[in-house]
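# Summary of the model geometry
Each chain, written out:
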Amino acid sequence: MTAPVRAGRGRPGWRGLIALVLICWGGMAGAVEPGQGESDIAMQMAKIGIGSVVTIANSAGEVFTHVHEGRHDGLWELRSFAGRTRTGESLGSLFLDDRGQIVRQVDSDGAVTRFEPHRCMRTVGECTYTRIAPDGTREQRRRITTPIPGGFTYVIEGPGGLRLEGMAKLDRMGWIKRGWFIHEGTGKRLDLRMLRAIYR
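Summary of the structure given here.

Each value, and the rule that gives it
- Residues numbered from 1 in each chain as written.
- Predicted model: local features only at pLDDT ≥ 70, side-chain atom pairs only at ≥ 80, totals over all residues.
- Heavy atoms only, no water.
- Helix = DSSP H or I, 4+ residues; strand = E, 2+ residues; numbered from the N terminus.
- Buried < 20%, exposed > 50% of the residue type's maximum accessible area, 1.4 Å probe, protein only.
- Areas by Shrake-Rupley, 256 points an atom, 1.4 Å probe, with all protein chains shown as cover.
- Pairing = 2+ DSSP bridges.
- Axes fitted to C-alpha atoms, helices over the stretch in contact; angles between N-to-C directions.
- Core = buried A, V, L, I, M, F, W, Y, C linked by side-chain atoms within 4.5 Å.
- Phe/Tyr/Trp six-rings, centres within 6.5 Å; stacked < 30°, edge-to-face > 60°.
- Lys NZ or Arg CZ within 6 Å of the ring centre and 35° of its normal.

Attention now moves to the overall build of the protein chain. Helix and strand content of the protein chain: one helix and 12 strands. When its helices and strands are written in sequence order, the protein chain yields α-β-β-β-β-β-β-β-β-β-β-β-β. Buried residues in the protein chain amount to 52% of all 200 residues. Carbon and sulfur atoms provide 48% of the accessible area of the protein chain, an area that totals close to 8300 Å².

Looking now at unusual backbone geometry. The peptide bond linking Glu116 to Pro117 adopts the cis configuration, its omega dihedral lying at -5 degrees. Residue placement: Pro117 occurs in the loop between strand S6 (112-116) and strand S7 (125-132). The backbone of Asp73 sits at a positive phi, close to 55 degrees, despite the residue not being glycine. Structurally, Asp73 can be placed in the loop between strand S2 (63-72) and strand S3 (75-82). Here Asp73 falls in the exposed class, since its relative accessible area comes to 79%.

Right, let's talk about the sheet that holds S3 for a bit. Read around the closed barrel, 12 strands run S1-S2-S3-S4-S5-S6-S7-S8-S9-S10-S11-S12, paired in antiparallel fashion. In this sheet, neighbouring strand axes are inclined to one another by 25 degrees on average, regardless of whether the strands run parallel or antiparallel. With seven bridges connecting them, strand S8 (residues 138-148) and strand S9 (residues 151-158) associate as antiparallel partners. Opposite Thr145, over in S9, you have Tyr154 as the bridge partner.

Core analysis: the biggest nonpolar cluster contains 30 residues, and Ile56, Leu96, Ile102, Trp175 and Tyr199 have the highest contact counts within it. Of all elements in the fold, only strand S1 (53-58), S3, strand S4 (90-96), S7, S9, strand S10 (162-170), strand S11 (176-182) and strand S12 (189-198) reach the threshold of two or more residues within this core. The element that contributes the greatest number of residues to this core is S10, accounting for four residues.

This structure, assessed with the given rule, holds one aromatic pair. Seen from their ring centres, Phe115 and Tyr129 are 6.2 Å apart, and the 65 degrees between their planes marks the pair as edge-to-face. Linking Phe115 in strand S6 with Tyr129 in strand S7, this pair joins segments that are 14 residues apart in sequence. Judged by its relative accessible area of 2%, Phe115 falls in the buried class. Lying over the aromatic face of Phe95, Arg104 brings its terminal NZ or CZ to 4.4 Å of the ring centre.

See below:
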């Protein structure tokens, strides 16, 4: 999310949690069966109150706390901190649209990564997006998201043979209860589990 890493550098935990924030921030209130519509995994931001807090741990022993900071310039801000409370090191913010699609990532050092039209994390099936790095480098990626009972799986493909994948099971508000993903920088699997969720 120590700044959120770019191009596969830095803490494995933060990079993976950025990749899973849409998995964490869904709007599903129960099991989702394959073949249902895109709206089934859309985030319902209006139902997750400002000040809501979710803390997640990974199998590398890292813990991250995510806080819903409200709406700014038409996008919802999700801010992340190292540790179990928001008093920890600030790791940066994600900015999401009304459906919970990630549009912009701002690292703690101010570097901005953009996604056009968004990062496709709330779209069932195949979705293509462009990642625009802080230096302006553009990279096209393809994401395929498949609903499963209580969550979904995904695969991301990109230049140079890039292939990432993961799975999440969600709670009633769509945050991750447990799951796993392949970290872009290391190629290793990291498991995730929710430690607490306080909804406002």
